Amino acid sequence: MNQLVVETKNLNFSYSKDKKDIEDLELKVPKGSIYGFLGPNGSGKSTTIRLILGLLKKNSGTVVLFGELFNGQSRLKVLNKVGALIENPSLYEHLNAIDNLKISANYRQNISSSRILEVLEIVNLTNARNKRIKEYSLGMKQRLGLAIALLSNPELIILDEPTNGLDPKGIIEMRTLIKDLNKRFGTTIFISSHLLSEIEKTCTHVGIIRNGKMLYQDTVASLKESKGTNIKVEIEVDNPIEALSALKDLKMEHISLLDGFIQIEVKNKNEITEVIDILRAESINIYQVSIKNNLEELFLSLTEN
Ligand SMILES: Nc1ncnc2c1ncn2[C@@H]1O[C@H](COP(=O)(O)OP(=O)(O)OP(=O)(O)O)[C@@H](O)[C@H]1O
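Keep in mind it's a predicted model, so treat the numbers as computed, not measured.

Colleague: Can you walk me through the sheet that holds strand β14 (residues 261–266) in this structure?
Modeller: Pairing is antiparallel in the open sheet, where four strands are placed in the order β13-β14-β12-β15. Either end of the sheet is taken by a strand with one partner, and the two such strands are β13 (256–258) and β15 (286–291). When the angles between neighbouring strand axes are averaged without regard to direction, this sheet yields 30 degrees. As judged from the five bridges shared by strand β12 (residues 231–237) and β15, these two strands associate in the antiparallel manner. Across the sheet, the residue bridging to Glu234 is Ser290, located in β15. Where helix α9 (residues 240–247) meets the sheet, it contacts β12, β13 and β14, and its direction lies at approximately 25 degrees from that of β14.

Colleague: Can you walk me through the nonpolar core in this structure?
Modeller: The nonpolar side chains of soluble globular proteins are, as a tendency, buried together. Counting 44 residues, the largest nonpolar core has Leu101, Leu144 and Leu146 as the members making the most contacts within it. In terms of residue count, the dominant contributor to this core is helix α5 (residues 138–150) (seven residues). Setting aside chain neighbours within four positions, we find Leu144 in contact with Leu91, Ala97, Asn100, Leu101, Leu125, Ile133 and Tyr136. Counting residues in each nonpolar core, the second largest holds 25 residues, with Phe13, Ile22, Phe37 and Val82 among its members.

About the criteria used
Residues numbered from 1 in each chain as written. Predicted model: local features only at pLDDT ≥ 70, side-chain atom pairs only at ≥ 80, totals over all residues. Heavy atoms only, no water. Pairing = 2+ DSSP bridges. Helix = DSSP H or I, 4+ residues; strand = E, 2+ residues; numbered from the N terminus. Axes fitted to C-alpha atoms, helices over the stretch in contact; angles between N-to-C directions. Contact = heavy atoms within 4.5 Å. Core = buried A, V, L, I, M, F, W, Y, C linked by side-chain atoms within 4.5 Å. Buried < 20%, exposed > 50% of the residue type's maximum accessible area, 1.4 Å probe, protein only.

Below, the structure written as structure tokens:
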């Protein structure tokens, strides 16, 4: 089995008594992956990141980083292997990139001056190293923030919505940089986003969160496959046996009865109307029609965002 760099079990957290903001979250981030943590605004991505980094205190559950239970004792050792960019980086605007990196290096242990030049090269800021930050674009500032996160040569990089607010050129540069980091150094990258298109372009794995709950977690390849699968529909009618017999001539796959409900798989939503028309033509009363795998719905809501 793939080694996991981040693993949470039954992770729960609430900001207030009346609402669960993170509910029984099971996150599995494989070593060497680019893991996209995808969810609409307010779904709990930033909160989860804060819980992983120990910036918020969980109500219950466990966080395991690099195979080690994250707690007061292991905290510093474990965090030494993590670089994070979770908000816009706080930079000294009147100083240049080199000086900003030197200041950050002073807060950490054993960062050589050659490492400062190395991280500048990695994020493509070597040529702009002597420019003052106030002359930097937002994309350049984000890349410098990433360079700071890279100083201690982390095994895991956590990026919270790193392309937010960037122009198309900045987005492409950040995307390329993330892939490059993963490929060149094998760094595991955990990246949150509310855009499915962004995750599809950059990531190898995906976890989809909504209302603090994990809805789907797998490789991006499997996600693409499941997007093409049928929609599962459940229909409640007054006479299921008659309904089943009325529908049997339809060339649809998997029509069955479960607990008195008609189960049917359709290729698209128009086919649902077709099914309803047939049932109504037979004077069968329909009480409820529900889509069971709401993955398709979820993708739509995410891409429309
Ligand atoms: N400091 C806070 N105090 C109280 N509630 C909070 C706080 N921060 C976030 N929340 C709530 O927790 C839930 C999850 O928010 P969170 O910021 O983690 O979502 P997100 O997916 O990162 O969204 P966004 O991309 O908009 O930041 C939301 O309902 C939000 O309103």
